Amino acid sequence: MEQEQMSIMQKEIFEEPAVIKKLTETYITSDGKINIDLPDRISNIVIVASGSSYNCAAIACPLVMEYADIPCDCEYSSEFVLQKKHFVTQDSLYIFISQSGETSDTLNAIKAIKKEGVKTLCITNTKDSTMWNLCDFKILSDAGEEKSIASTKALCAQIFCSILVILKILSQKEKDVDISCQINTMRRLSAYLERIIMDSDKIKNAAQTVAQYENISILGNKNYYPVAKEGALKMKETCYLNVMAYPFGEFMHGHVAVLNQTSIVIAIIDEENASFAQRNLEKIRKNYNPKIVCITSVQEFKAGDVNIYIKTKRKTKAIFGALLTLQLMACTMAKILNKNPDSPRGLTKVVKD
Ligand code: AGP
């Protein structure tokens, strides 16, 4: 029997466990230290990026505040360059994230802030790119060449590197802090992603359902809101559907009115938002009766018509699990809808001026 041809996007999604394994070996030493260079003193962080790389910034931002305990903001590169005033201090660190290292909006943002004399760090997949050469500190996200216009493995690598930055800041700030638990979680991540890929039948079946709808809303709280946005971006780029992502709580403030029986809601649920999500999904079902798909790290959570369980108790792993689930879903939906995810209409890999 002829083997079905895999899209480049799908191949790159399948490479994620290997990418994470390689990054673990490169950046985490055998005695659990993080092998990256950062400024000694960091008072606050601003992360600037575009597209999927921006979603990485928005995933990392609340984690910087929660774990490293310093203020953090994230901005779209294209908006950042329009801003007339930046409040920098001597120990501010500006982080720029880009797969290509050549995105014009992000390069313009670096050039603008460098005039203020602040320290800059890039996380990029392209060594010796313009971004790499412009920044003071550099981390190679080393996902290998990413050909698919819809970024998947590169984003996965960027998030991993961002979390390493956070853990490194924490260990620099508090000399006696024990980060072994977080390091173990990072070490187990590759195997976790591998399991999700191996066991993805339920995700593929859910994609069959989602692909029947044109009114798709993806809901997530905190770090899961940018994960939801990334899922929506992947479905837009590969299926040309107008998929919207919302912070779950905010969705209930009027946006919910877009729902009806021809809509589908995809909700990302973890321990922290489970009871809130349960209450609100019940309300949503009662008032609008859309189809509901839940991606959840809580095994008992069954509020959806379809419930995809991404087994883990660790928040960082659940972020990757939800992201991978949405990437696989988007890729499968494209196939079902007869769209070629490798040549999306009117898009280029690098967005330049
Ligand atoms: C992601 O799937 C997109 N192709 C796009 O949003 C991309 O992430 C964005 O243009 C930024 O690219 P960069 O990471 O190379 O800077």
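Residues numbered from 1 in each chain as written. Predicted model: local features only at pLDDT ≥ 70, side-chain atom pairs only at ≥ 80, totals over all residues. Heavy atoms only, no water.

**Details of the site of the ligand**
Argument step 1. Taken together, 15 residues are adjacent to the ligand, and Ser53, Ser98, Thr103, Ile149 and Glu237 come closest.
Argument step 2. With respect to the ligand, the side chain of Ser100 contributes an N or O atom lying 2.7 Å from an oxygen atom.
Argument step 3. The separation between a nitrogen atom of the ligand and a polar main-chain atom of Ile149 is 2.7 Å.
Argument step 4. Burial of the ligand by the protein chains amounts to 91% of its free accessible area of 410 Å².
Argument step 5. At the level of secondary structure, the elements contributing two or more residues to the shell around the ligand comprise helix 3 (51-68) and helix 10 (224-239).
Argument step 6. Classifying every residue of the shell around the ligand by side-chain character gives four nonpolar, nine polar and two charged.
Argument step 7. Per-domain counts for the shell around the ligand show at least three residues from each of domain 1 (3-196) and domain 2 (199-336). (Near = heavy atom within 4 Å. Polar contact = N/O pair within 3.5 Å; in protein donor to acceptor, adjacent residues only side chain to side chain. Areas by Shrake-Rupley, 256 points an atom, 1.4 Å probe, with all protein chains shown as cover. Helix = DSSP H or I, 4+ residues; strand = E, 2+ residues; numbered from the N terminus. Nonpolar A, V, L, I, M, F, W, Y, C, P; charged D, E, K, R; others polar. Domains from an automatic or database assignment.)

**A closer look at the domain arrangement of the protein**
Argument step 1. According to the domain assignment, the protein contains domain 1 (3-196) and domain 2 (199-336).
Argument step 2. Spacing between the C-alpha centres of domain 1 and domain 2 amounts to 25 Å.
Argument step 3. With 34 residues of domain 1 at the contact, the number on the domain 2 side is 31 residues.
Argument step 4. Between domain 1 and domain 2, roughly 2,800 Å² of surface is buried when both sides are summed, and carbon and sulfur atoms account for 66% of that area.
Argument step 5. Three residues, Ile59, Tyr192 and Ile196, lead the burial of domain 1 against domain 2; their summed loss comes to 22% of the area buried on that side.
Argument step 6. Counting the contacts that link domain 1 with domain 2 gives two salt bridges.
Argument step 7. One salt bridge connects Lys222 with Glu66, and the closest N-O pair in it is separated by 3.5 Å.
Argument step 8. Between the two partners, domain 1 and domain 2, sit twelve residue pairs in polar contact (both at pLDDT 80 or more). (Contact = heavy atoms within 4.5 Å. Buried area = accessible area lost by both parts, 1.4 Å probe. Salt bridge = Lys/Arg side-chain N within 4 Å of Asp/Glu carboxyl O.)

**With respect to the pattern of salt bridges**
Argument step 1. Under the definition given, this model contains 15 salt bridges.
Argument step 2. Of the charged contacts in the structure, one is a salt bridge between Asp31 and Lys33, with a shortest N-O distance of 3.8 Å. Residue Asp31 shares its accessibility class with Lys33, and that shared class is exposed.
Argument step 3. A network of salt bridges, in which partner residues are shared, links Glu66, Lys222, Glu272 and Lys315. (Buried < 20%, exposed > 50% of the residue type's maximum accessible area, 1.4 Å probe, protein only.)

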